[in-house]
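# Secondary and tertiary structure notes
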Amino acid sequence: MSSKTIEEPARHIPLYGEYEVTVLGGGPAGIAASVAAARAGRRTLLVERYGFLGGMGTAAGVTNFCGLHANVHGEMRRLVRGVASDLLGRIDRLGGLNAPHLVLGKILAQAYDTAAYKIAADDLLAAHKVDILFHALGAGVVMHDERRINALLIETKAGRQAVRSDIFIDCSGDGDLAAWAGAPFEVGDNEGHLLYPSMMFRLNGIDPDKAGEAWRTIPSLMEQAVAAGTHRFPRKGAIVRPQKSQIEWRVNFTQLKRDDGSAINGLEPDDLTRGEIEGRRQAINAFEFLRTVPGFEKSYIVDLPPQLGIRETRRITGGYSLSGEDVLGCASFADSIGVNGWPIEAHVAGDVIFEFPPIPESRGFNELPYRMLLPQGIDNLLVAGRCASMTHEGQSAARVSGACFAMGEAAGLAAALSLSGNMIPRQIAVDKLQQMLKQQGAFIGRDQAVPEGL
Ligand SMILES: Cc1cc2nc3c(=O)[nH]c(=O)nc-3n(C[C@H](O)[C@H](O)[C@H](O)COP(=O)(O)OP(=O)(O)OC[C@H]3O[C@@H](n4cnc5c(N)ncnc54)[C@H](O)[C@@H]3O)c2cc1C
């Protein structure tokens, strides 16, 4: 990018609306946050740059929920409930939810259809009277003073507009709003390493009988192809699994890097541009290999998603940063607002490395402290989802959908409690937040019995 600048003249910005709670970003965290705030009776707006909800889950073609479950002393349990259960029920009623499947023989994940997710999320927000503004890109903030945000600036087809709000919740995944407001943050491991992005895609036209459990054999077929010199792959740890209709499979196979081998940075427009083009090129290379797998001979790429899948960019520095040790040690916190049962899943150069808490000795999940959602220095802002306060290693686990739903639900309810108590989110009674989350069906750990079933 050129270092030259031009001066933008000051101008009056039309006010789109005034809300009690404004949520930026409609991924798992933003969906849950907006529903929780609106359900508590607060006038709530969700602002999303695309024309649909789901975040990386739809926009990047992830099509699979991780982190809803935990391996509790060797037994699988579904721990993330609350708003997530409502959404899953709606996806299921549309016929778009797979039964949970085992990953590495140690933990469950659950695939879904993106169209069903988008429709179910629209219905969920409508049922709770959340106002939605699609095709609106958050572009900046206007501050009341150093510690309070007055308005979010958005770019729309009708030009630049502003949204005023008492409380804002940053669920942008990239911590955009928090960064514009001046909250401190980290990027990657602070030594230039970010989790590598991937371009997901889906294949259709697979012969399910012939393909069988090909996800077990594909890794060794890849090794054979590399040894024979017929193919080269950007990473090991390829995930190729069936969707609900077994003629369709999702493919998580690619890894996007710069010329120097470091990860594409999702905050850099030139990196993103290169990542999209190179991601599609890697997808077609992966497809050429997959067509050699029995059952895949007549397959075709049915979907390349709207955007490259970004796993990690900014992580806000809050009152506590969830760490890798917290994940592996199944940490407890007095101010827990939810749980994470997903292991560390580090997307490093050329590979994906999983690290689990001890099985079956451990309870298999860590609690998520409310302080993760409270950025330093800004009083009317909460941050939830993959940009919440975590270390690089902690985020490698708790960035997945399950924990993001849990954080979002807590942030939305905390915003509502702040407004009813006429106080800032940092001052609310956390025991009241915990009690209300439990009443609304969330599992937050602490003294609660671990839920039965999947
Ligand atoms: C390739 C890949 C594979 C993955 N696999 C899995 C998996 O199998 N299971 C799993 O659970 N998780 C998986 N993840 C992780 C998971 O998808 C994300 O970490 C999770 O979606 C994060 O949720 P979030 O709500 O914090 O943010 P996001 O899902 O990133 O959502 C953020 C939302 O904010 C919007 N937004 C961002 N900036 C702005 C702005 N300035 N203005 C307006 N809108 C904005 C975005 O469009 C998006 O809708 C994967 C991620 C990737 C990239």
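Our subject is the structure that appears above.
About the thresholds
Residues numbered from 1 in each chain as written. Predicted model: local features only at pLDDT ≥ 70, side-chain atom pairs only at ≥ 80, totals over all residues. Heavy atoms only, no water. Helix = DSSP H or I, 4+ residues; strand = E, 2+ residues; numbered from the N terminus. Polar contact = N/O pair within 3.5 Å; in protein donor to acceptor, adjacent residues only side chain to side chain. Contact = heavy atoms within 4.5 Å. Buried < 20%, exposed > 50% of the residue type's maximum accessible area, 1.4 Å probe, protein only. Pairing = 2+ DSSP bridges. Near = heavy atom within 4 Å. Axes fitted to C-alpha atoms, helices over the stretch in contact; angles between N-to-C directions. Parallel < 35°, antiparallel > 145°, perpendicular 65-115°, else oblique. Left-handed = near helix turned anticlockwise from the far one by under 90°. 1 Å grid on protein atoms, 1.4 Å probe; cavity = no way out; pocket = protein on both sides within 12 Å on 5 of 7 lines; lining within 4 Å. Points joined across faces, edges and corners; volume = space filled by probe spheres on them. Nonpolar A, V, L, I, M, F, W, Y, C, P; charged D, E, K, R; others polar. Salt bridge = Lys/Arg side-chain N within 4 Å of Asp/Glu carboxyl O.

### Section: the side chain of Asn265
Within the secondary structure layout, Asn265 lies in the loop between β15 (249-252) and α8 (269-290). Within the local environment of Asn265, its side chain forms a polar contact with the backbone nitrogen of Leu267, the two atoms lying 2.8 Å apart. Setting aside residues no more than four positions away along its own chain, Asn265 makes contact with Leu194, Arg258, Asp271, Leu272 and Thr313.

### So, the pairing of strand β4 (residues 69-72)
By the alternation rule, side chains of β4 split into His69 and Asn71 and Ala70 and Val72, which are all buried. Across four bridges, the pairing between β4 and strand β5 (residues 75-78) is antiparallel. For Ala70, the partnering residue across the bridge sits in β5 and is Arg77. Here β4 folds back onto β5, and the loop between the two strands holds two residues, one of which, His73, carries a positive phi near 50 degrees.

### Digging into the site of the ligand
The environment of the ligand is formed by 35 residues, the closest being Glu48, Asn64, Cys66, Arg399 and Ser401. One nitrogen or oxygen atom from the main chain of Asn64 is found 2.7 Å from a nitrogen atom belonging to the ligand. Note that a nitrogen atom of the ligand is positioned 2.9 Å from one of the side-chain N or O atoms of Asp176. For the shell around the ligand, the secondary-structure elements that each account for two or more residues are α1 (28-39), β3 (64-65), β9 (137-145), α5 (176-181) and α11 (401-420).

### Considerations on the packing of α1 against helix α4 (residues 114-127)
Two elements in contact, α1 and α4, have axes whose closest approach is 10 Å; the angle formed by their N-to-C orientations is 20 degrees. The angle between the axes of α1 and α4 places the two elements in the roughly parallel class. Of the two elements, α1 crosses α4, and the hand of that crossing is left-handed. Side by side, α1 and α4 meet where Pro28, Ile31, Ser34 and Val35 of the first sit next to Tyr117, Ala121, Leu124 and Leu125 of the second.

### Thoughts on the sheet that holds strand β14 (residues 239-242)
Spatial strand order, β14-β15-β13-β16: four strands in an open sheet with antiparallel pairing. The open sheet has two edge strands with one neighbour each: β14 and β16 (300-303). The sheet shows a mean angle of 35 degrees between the axes of neighbouring strands, direction not considered. With three bridges connecting them, strand β13 (residues 201-204) and β16 associate as antiparallel partners. Directly across from Leu203, in β16, lies its bridge partner Ile301. Contacts from α8 reach β13, β14, β15 and β16 within the one sheet, and its direction differs from that of β13 by about 35 degrees.

### Examining the layout of surface pockets
Size it by volume and the second largest pocket reaches roughly 270 Å³. Lining the second largest pocket are Arg232, Phe233, Pro234, Phe253, Thr254, Lys257, Arg274, Glu278, Arg281, Gln282, Asn285 and Ala286. When grouped by side-chain class, the residues that make up the lining of the second largest pocket number four nonpolar, three polar and five charged.

### Things to note about unusual backbone geometry
In this structure, Pro360 follows Ile359 across a cis peptide bond, with omega equal to 5 degrees. Tracing the backbone through its elements, the reader meets Pro360 in the loop between β20 (351-355) and β21 (366-369). Of note, His73 is a non-glycine position whose phi angle comes to about 50 degrees, a positive value. Tracing the backbone shows His73 in the loop between β4 and β5. Assessed through its relative accessible area of 46%, His73 is described here as partly exposed. Not every positive phi belongs to a glycine, and Leu104 is a case in point at roughly 55 degrees. The residue Leu104 is located in the loop between β6 (101-103) and β7 (107-111) in this model. What makes Leu104 exposed here is its relative accessible area of 53%.

### Some remarks on the environment of Ala227
With respect to the secondary-structure elements, Ala227 resides in helix α7 (residues 214-228). On the basis of relative accessibility, which here comes to 70%, the residue Ala227 falls in the exposed class. As a C-alpha pair, Ala227 and Ala109 span 118 residues in sequence and 31 Å in three-dimensional space.

### Some details on the pattern of salt bridges
Scanning all chains against the criterion turns up 26 salt bridges. Of the charged contacts in the structure, one is a salt bridge between Arg39 and Glu409, with a shortest N-O distance of 3.3 Å. Separated by 370 residues along the polypeptide, Arg39 in helix α1 and Glu409 in helix α11 bring together distant segments of the chain. Accessibility expressed as a relative area gives 3% for Glu409, which makes it buried. The partner of Arg77 in a salt bridge is Glu75, and the shortest N-O contact between them spans 3.3 Å. The buried category is assigned to Arg77, whose relative accessible area is 12%. On the basis of relative accessible area, Glu75 is assigned to the partly exposed category, the value being 44%. Sharing partners across several salt bridges, the network here consists of Arg147, Asp379 and Arg426.

### Focus: the sheet that holds β6
The strand order across the open sheet built from three strands is β3-β7-β6, with neighbouring strands paired in antiparallel fashion. Each edge of the open sheet is held by one strand with a lone partner, namely β3 and β6. Relative to β7, β6 runs antiparallel, the two sharing three bridges. Within the sheet, the bridge partner assigned to Leu102 lies in β7 and is Leu108.

By themselves, these are just geometric observations and shouldn't be taken as functional.
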